[in-house]
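Residue-level structure breakdown
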Amino acid sequence: MEQHIIELPKRIVVGEGALKSLGEHFRDMFPSGSLVFVVTGPHIINSLYSDVKQILEDSGFSVTYAIAGPATVDEANRVAEEAKRDRADVLLGLGGGRSIDLAKYAAAESGKEFVSVPTAPSHDGITSPFATLRGFERPYSKLAKPPRLLLLDIDVISSAPRRLASAGFGDLIGKYTAVLDWRLAHNLRGEYYGAYAASLALMSARHVGAYARKIGLGSKDGIRALVEALVSSGVAMCIAGSSRPASGSEHLFAHALEMISERPPLHGEAVGVGTILMSYLYGKDWVRIRRLLKEAGAPVNAKELGVTDDEVIEALVKAASIRPERYTILGEKGLTRDAAEELAVKTKVINGD
């Protein structure tokens, strides 16, 4: 068995009003006077950034920032160069998935510490050591580094648009088929399979399933359950040393749909619909998956995703080619167009209500 290194977040802070304790945790973990380079979006810079800056400066740290551009490798490298030029000691991702991924990858490239302060629960990248950026040879996640500190303020995250929580739910429900794909690759290809990491990922999916309705309503109990499950899914990837426990055929479909669609859905939304499709292929209870997604307010068909029926079919045909080295239920060659259309119709992803 090949060895892999398990790198985990050193400290995870979850709770209402947790942002107020950011300075305290920084004092515990980083030298006084360190320069914190905040990577954030144009919306957050006009809202939370000033609070974060004040908290850190009051705690003895210097703060500068960069506005996150597109989620690309080139942009991440630009951020890394800017952080080096400012002689930053810590890169802090403040915002949604784009800001977190850019800061995470830039920190790894520049050899700096990384701190994650998400403002939305849209995917499990808030904890994982993987960054999803365009510009690699294929549209999938690359190993970067896990956050040294992950701070999750339930008040802040609960105020994010409801759609982002639904997307996070979709990303998590995808662990059901991701783990099946991982086990299939182990059985047929001899790929390493980590039972503990797989169990942790599955627990994340089961946990949010029990809170689907509360997540759909946007209640704080539901959002906290969602956030904690996103954390455990990210930790599962840290333990596995790959994204296998969290990303399988449902993610391949999502990546393909994001590539070909004129108006791509949110990643987690596409993953949720992909889970319906792949659950059917596995002979699992796809109707239950569909019901849970509806309860959580997530899309279950092409119309709700904002894509065309043809785009769904094309994504199903293309999915297996996204990561040919990653064996899934789609096999080596993937689905024919006729098989893809039949699958989408049977699961009500197209021509359904």
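Fair warning: this is a prediction, and the values are worked out from it, not measured in the lab.

Rules behind the numbers
Residues numbered from 1 in each chain as written. Predicted model: local features only at pLDDT ≥ 70, side-chain atom pairs only at ≥ 80, totals over all residues. Heavy atoms only, no water. Helix = DSSP H or I, 4+ residues; strand = E, 2+ residues; numbered from the N terminus. Rg over C-alpha atoms; globule rule 2.2 N^0.38 Å. Buried < 20%, exposed > 50% of the residue type's maximum accessible area, 1.4 Å probe, protein only. Areas by Shrake-Rupley, 256 points an atom, 1.4 Å probe, with all protein chains shown as cover. Lys, Arg positive; Asp, Glu negative; His and termini not counted. Charge placed at Lys NZ, Arg CZ, Asp CG, Glu CD. Pairing = 2+ DSSP bridges. Right-handed = clockwise from strand over helix to strand, strands pointing away. Axes fitted to C-alpha atoms, helices over the stretch in contact; angles between N-to-C directions. Parallel < 35°, antiparallel > 145°, perpendicular 65-115°, else oblique. Left-handed = near helix turned anticlockwise from the far one by under 90°. Contact = heavy atoms within 4.5 Å. Nonpolar A, V, L, I, M, F, W, Y, C, P; charged D, E, K, R; others polar. Salt bridge = Lys/Arg side-chain N within 4 Å of Asp/Glu carboxyl O.

**As for the overall build of the chain**
Check the secondary structure of the chain and you find 16 helices and 8 strands. Taken over C-alpha atoms, the radius of gyration comes to 20 Å for the chain, in line with the 20 Å a tight globule of 353 residues would show. Counting every position in the chain, which comprises 353 residues, the buried fraction comes to 59%. Of the accessible surface of the chain, which amounts to about 14600 Å², a share of 48% is contributed by carbon and sulfur atoms. Where the 42 positive side-chain charges of the chain centre and where its 43 negative ones centre are 2 Å apart.

**Side note on the pairing of strand S2 (residues 35-40)**
Within S2, 6 of the 6 residues are buried, which leaves the element mostly enclosed by the surrounding structure. Judged by which residues are buried, S2 turns out to be covered on both faces: Leu 35, Phe 37 and Val 39 on one side and Val 36, Val 38 and Thr 40 on the other are all buried. Across 6 bridges, the pairing between S2 and strand S3 (residues 62-67) is parallel. Note on S3: the bridge partner recorded for Val 38 is Tyr 65. Taking the sense of rotation as the criterion, the β-α-β connection linking S2, helix H2 (residues 48-58) and S3 turns out right-handed.

**Here we look at the packing of helix H6 (residues 162-173) against helix H10 (residues 220-240)**
Running from amino to carboxyl end, H6 crosses H10 at an angle of 40°, the nearest separation of the two axes being 10 Å. Comparing the axis directions of H6 and H10 gives the class oblique. Handedness of the crossing formed by H6 with H10: left-handed. Residues Ala 165, Gly 168, Phe 169 and Leu 172 of H6 form the contact with H10, whose participating residues are Ile 223, Leu 226, Ala 229, Leu 230 and Ser 233. Classifying every residue of the contact of H6 with H10 by side-chain character gives 7 nonpolar, 2 polar and no charged.

**Observations concerning the sheet that holds strand S4 (residues 90-95)**
Within the open sheet, the 6 strands sit side by side as S1-S8-S5-S4-S2-S3. Their pairing is parallel. The sheet is open, and its two edges are formed by strand S1 (11-15) and S3, each paired on a single side. Each neighbouring strand pair of the sheet contributes to a mean axis angle of 15°, computed without reference to strand direction. Alignment of S2 against S4, held across 5 bridges, turns out to be parallel. What sits directly across from Val 36, in S4, is Val 90. Here helix H4 (residues 97-110) sits on the sheet and contacts S2, S4 and strand S5 (113-118); the angle it forms with S4, its principal contact strand, is near 170°. This element, H10, spans S1 and strand S8 (149-153) of the sheet and lies at about 170° to S1.

**Side note on the pattern of salt bridges**
Under the defined criterion, the tally for this structure stands at 21 salt bridges. The salt bridge partner of Lys 104 is Asp 101, with a shortest N-O separation of 3.6 Å. Of the two residues, Lys 104 and Asp 101 are both situated in helix H4; the distance of 3 residues between them amounts to about one turn of the helix. Look at Lys 104 and you get buried, because its relative accessible area is 0%. Close ionic contact of Lys 175 with Asp 124 constitutes a salt bridge, the shortest N to O distance being 2.9 Å. One end of the pair, Lys 175, is in helix H7 (residues 175-189); the other, Asp 124, is in the loop between S5 and strand S6 (130-132), with 51 residues separating them in the sequence. Classification of Lys 175 as buried rests on a relative accessible area of 0%. Ionic contacts of the salt-bridge type, sharing partners, join the residues Glu 16, Asp 155 and Lys 220 into one network.

**Focus: the environment of Asp 58**
Structurally, the position occupied by Asp 58 is in helix H2. Residue Asp 58 is classed as exposed on the basis of its relative accessible area of 60%. Put simply, Asp 58 and Gly 23 are 35 residues apart on the chain and 7.6 Å apart in space, counted from C-alpha to C-alpha.

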